[in-house]
Amino acid sequence: MDLSLVESVRWTATALTEVVVLALALRRKLFDRLPVFTIYLCILVANEAIIWLTYSLTGITSHTSFYVYWTMQAIQVSIRAIVVYEICQVLLSPYQGVWKLCRPFLILLAALVVAGATISTRQSAYHAAAAILTAERGLEITVIGILILGLMFCRYYGFQIERYVVWIALGLGFNSAVQVANNTFLKVGPTIADFPLWQIIRQTSFDIAMIFWVVALWKPLPARQPAPVLLAADEYDRLAPQMTLRLRELNTRLLEIWK
Amino acid sequence: MTIFVATLVFLAVLITLLWLLFGSSTNEAVLSLDALQIEKILPVNCRHFPQISQLLSQEDTQFMRKRAPHHVANKWRAERRRILKQYLNGLRQDFARLERLARVIAALSPEIRKRQEWEWFWLALQFHFSYRMAALKLALGRFSPEALAGLTEMIAGLTSELENRMALIAEHSPSRMRTDVGG
């Protein structure tokens, strides 16, 4: 391989951290709570082994290495999108009504962003690097979009988010936000992407995300919360019209006051 | 320009994410029937309206205008405005409690309607905007006591209805809900 000593050390450190996170996840039996995220951690470790083997066998500048690297990137980003969907599901699905309301929005958002990314990628298809950056950015926007929308629902309805989920979500969101910004900077022009501070942020964003995941899994996971006891199906239908009517009247009155 | 916008968006996304994950919720989380204490989420400030009504009486206003020295009348008006401002703020808190209750009901319902939820969200936005404008009007000294009375009656009426409804729910599931509504 043609990596410098610093690059080799960084790569080794990243791979070791990935192994530590996976070990912690298995030890904490995270698979029972977030199976897709646990699979994602397995893929990260496998990815390092596959990339290392490819680089060793064919060289870092070979076509094979190029395709293997980007295929693995595509797999990882796609699974990250499924992971954030899984996180939203874990947070919202105990509240059946809210989950039924939220899920179509999440799917619609993902479909729109992916469609947008596909169109943009086709437009820049004549240039492989630009197409890859556009596609990757589209997938990362999907990740961050699903995450923020799901968390907004949690916030709006006042759902508690468990500590380990907070840190896992932060890691995923932070890494995706940095990747989106980086791809945008690269597309506009390499100037800002060459800033030393930005280079540090970009290169370490995934390591920072993994530190967040170590924090998430360092302590044993809390006991599972029992599913919330829901109201009878017709209570909402009985209460909602009354509340709506009153809130409407209240607003009308308030409008009359200040107008 | 694009770089500037991209940087701003990046920072906004990060701040939003941190706020969503770590920001303290303005509403106390009461999302289980076991933890639902109705007295904590029903409006309370609107119940003080009789005292406020006394403060707003026209006789007092006329008396102060005719008999009190100018500087005393001014001081009295300023004090009255301060109390009204506090009361208006209390009404806003009441509305927030009702809004919270609506969300708790929605969260604990197995089926909710998109249109209904959207309407509540929109009404809340409208209310907060109207509240700001009303507060501004009060600050400018152009607030009518009758309007405030009407507003209070509305919240009090809604409170009463909700108390009755929640008491009914509690009757159906007495072990799951703590309430002192109705004794």
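Criteria and thresholds
Within any chain, residue numbers begin from 1 and follow the written order of that chain's sequence. Working convention: letters from A go to chains and numbers from 1 go to ligands, in the order in which they are written. Since the coordinates come from a predicted model, pLDDT governs what is reported: local features require at least 70, and pairs of side-chain atoms require 80 or more to be given and counted, while whole-chain, interface and lining totals use all residues. By definition, any uninterrupted DSSP run of H or I lasting at least four residues is a helix, any uninterrupted run of E lasting at least two residues is a strand, and each is numbered from the N terminus. Residues with at least 20 neighbouring C-beta atoms inside 10 Å of their own are called buried, those with 12 or fewer are called exposed, and the rest are partly exposed, where every C-beta is derived from the backbone. Throughout, a pair of residues is in contact if the C-beta atoms placed from their backbones lie within 7 Å. Axis geometry follows a simple rule: fit a line to the C-alpha atoms, using only the stretch in contact for helices, then measure angles between N-to-C directions, giving values from 0 to 180 degrees. Throughout this description, any angle smaller than 35 degrees is read as roughly parallel, any larger than 145 degrees as roughly antiparallel, any in the 65 to 115 degree range as roughly perpendicular, and the remainder as oblique. Crossing handedness is defined as follows: a turn of the near helix away from the far one that is anticlockwise and smaller than a right angle gives a left-handed crossing, while the clockwise case is right-handed. Polarity classes work like this: nonpolar for Ala, Val, Leu, Ile, Met, Phe, Trp, Tyr, Cys and Pro, charged for Asp, Glu, Lys and Arg, and polar for all others, with Gly in that last group. Domain delimitation follows an automatic or database domain assignment. Given a helix with a known number of residues, its expected span is that number minus one, times 1.5 Å. By convention in this section, buried Ala, Val, Leu, Ile, Met, Phe, Trp, Tyr and Cys residues joined through C-beta atoms within 7 Å make up a nonpolar core. Per-residue confidence from the predictor is reported as pLDDT, a score between 0 and 100.

Broken down by element type, chain B carries 7 helices and 0 strands. N-terminal to C-terminal, the α/β element order of chain B is α-α-α-α-α-α-α. Residues counted as buried form 28% of the 183 residues belonging to chain B. The long-range fraction of contacts in chain B, counting pairs at least 24 apart against all pairs at least 6 apart in sequence, stands at 79%.

The next point concerns the overall build of chain A. For chain A, the helix and strand inventory stands at 9 helices and 0 strands. Starting at the N terminus and walking to the C terminus, you meet the elements of chain A as α-α-α-α-α-α-α-α-α. Within chain A, the proportion of its 259 residues that are buried is 34%. Taking contacts inside chain A between residues at least 6 apart in sequence as the whole, the part at least 24 apart equals 75%.

Let us now look at the packing of helix 1 (residues 5–27) of chain A against helix 8 (residues 196–218) of chain A. All names here are of chain A. Between helix 1 and helix 8, whose axes approach to 10 Å, the crossing angle comes to 25°. Put simply, helix 1 runs roughly parallel to helix 8. Our pair here, helix 1 against helix 8, has a crossing hand that is left-handed. From helix 1, Thr14, Thr17, Glu18, Val20, Val21, Leu24 and Ala25 reach across to helix 8, where they touch Asp207, Met210, Trp213, Val214 and Leu217. Taken together, the residues that form the contact of helix 1 with helix 8 break down as 8 nonpolar, 2 polar and 2 charged.

This part takes up the domain arrangement of chain A. When the domains of chain A are assigned, the result is domain 1 (5–225) and domain 2 (229–259). Distance from the C-alpha centre of domain 1 of chain A to the C-alpha centre of domain 2 of chain A: 41 Å.

Moving on: the packing of helix 6 (residues 163–188) of chain A against helix 8 of chain A. Residues and elements named next belong to chain A. The N-to-C vectors of helix 6 and helix 8 enclose an angle of 170°; their axes lie 7 Å apart at closest approach. As judged from the angle between their axes, helix 6 and helix 8 are roughly antiparallel. The residues of helix 8 that touch helix 6, namely those facing Tyr164, Trp167, Ile168, Leu170, Gly171, Leu172, Phe174, Asn175, Val178 and Asn182, are Ile201, Arg202, Ser205, Phe206, Ile208, Ala209, Met210, Phe212, Trp213, Val215, Ala216 and Leu217. Classifying every residue of the contact of helix 6 with helix 8 by side-chain character gives 17 nonpolar, 4 polar and 1 charged.

Residue and element names in this part refer to chain A. Position of Ile208 among the secondary structure elements: in helix 8. Residue classification places Ile208 among the partly exposed positions, given that 14 C-beta atoms sit within 10 Å. With 38 residues separating them in the primary sequence, Ile208 and Leu170 have C-alpha atoms 10.0 Å apart.

Take helix 8 of chain A next. All names here are of chain A. With 23 residues, helix 8 extends 32 Å from end C-alpha to end C-alpha; this agrees with the ideal 33 Å at 1.5 Å per step. Those residues of helix 8 that sit buried are Ala209, Met210, Phe212, Trp213, Ala216 and Leu217. Next to the buried residues of helix 8 lie helix 1 and helix 6.

Residues and elements named next belong to chain A. Under the 1.5 Å per step criterion, the end-to-end length of helix 1 is 33 Å for 23 residues, consistent within 8% with the ideal 33 Å. The complete set of buried residues in helix 1 reads Glu18, Val21, Leu22 and Ala25. Following helix 1 by one or two positions, Lys29 has its phi on the positive side, about 55°.

Looking now at the nonpolar core. Counting 81 residues, the largest nonpolar core has A:Val84, A:Val98, A:Val143, A:Ile146, A:Ile168, A:Trp213 and B:Ile105 as its most contacted members. Of the residues forming this core, the biggest block, 13 residues, is contributed by helix 6 of chain A. Both domains that meet at this core, namely domain 1 (5–225) and domain 2 (229–259) of chain A, each give it at least three residues. When neighbours within four sequence positions are excluded, B:Ile105 is seen to be in contact with A:Leu231, A:Tyr236 and A:Leu239.

Residue and element names in this part refer to chain A. Relative to the assigned elements, Leu30 resides in the loop between helix 1 and helix 2 (35–58). Judged by local crowding, Leu30 falls into the buried class, with 22 C-beta atoms found within 10 Å. As for Leu30 and Ser205, which are separated by 175 residues in sequence, their C-alpha atoms are 23 Å apart. Apart from the residues within four sequence positions on either side, Leu30 is in contact with Ala25, Phe37, Thr38 and Leu217.

Further remarks concern the confidence of the model for chain A. Put simply, chain A has an average pLDDT of 85, and 90% of its residues get 70 or more. Element-level pLDDT for chain A is lowest in helix 7 (residues 190–193) of chain A, with a mean of 64, against a maximum mean of 92 in helix 2 of chain A.

Moving on to the environment of A:Ser65. Residues and elements named next belong to chain A. Mapping Ser65 onto the fold places it in helix 3 (residues 63–92). Classification of Ser65 as partly exposed rests on a count of 18 C-beta atoms within 10 Å. Spatially, the C-alpha atoms of Ser65 and Arg202 are 22 Å apart, while their sequence positions differ by 137 residues. The residues contacting Ser65, other than those within four sequence positions of it, are Thr54, Tyr55, Thr58, Gly59 and Ile60.

One non-glycine residue, A:Lys29, lies in positive phi territory at about 55°. The exposure class of A:Lys29 is exposed, given the 11 C-beta atoms found within 10 Å.

Looking now at the confidence of the model for chain B. Residue and element names in this part refer to chain B. For chain B, per-residue confidence averages 71 on the pLDDT scale, and residues scoring 70 or more make up 57% of the total. Least confident of the elements in chain B is helix 2 (residues 38–41), whose mean pLDDT is 55; most confident is helix 1 (residues 2–22), at 88. Confidence over residues 172–183 falls short of pLDDT 50; this stretch has 24 contacts with residues more than four positions distant or in other chains. Predicted as a complex, the structure gets a pTM of 0.78 and an ipTM equal to 0.82.

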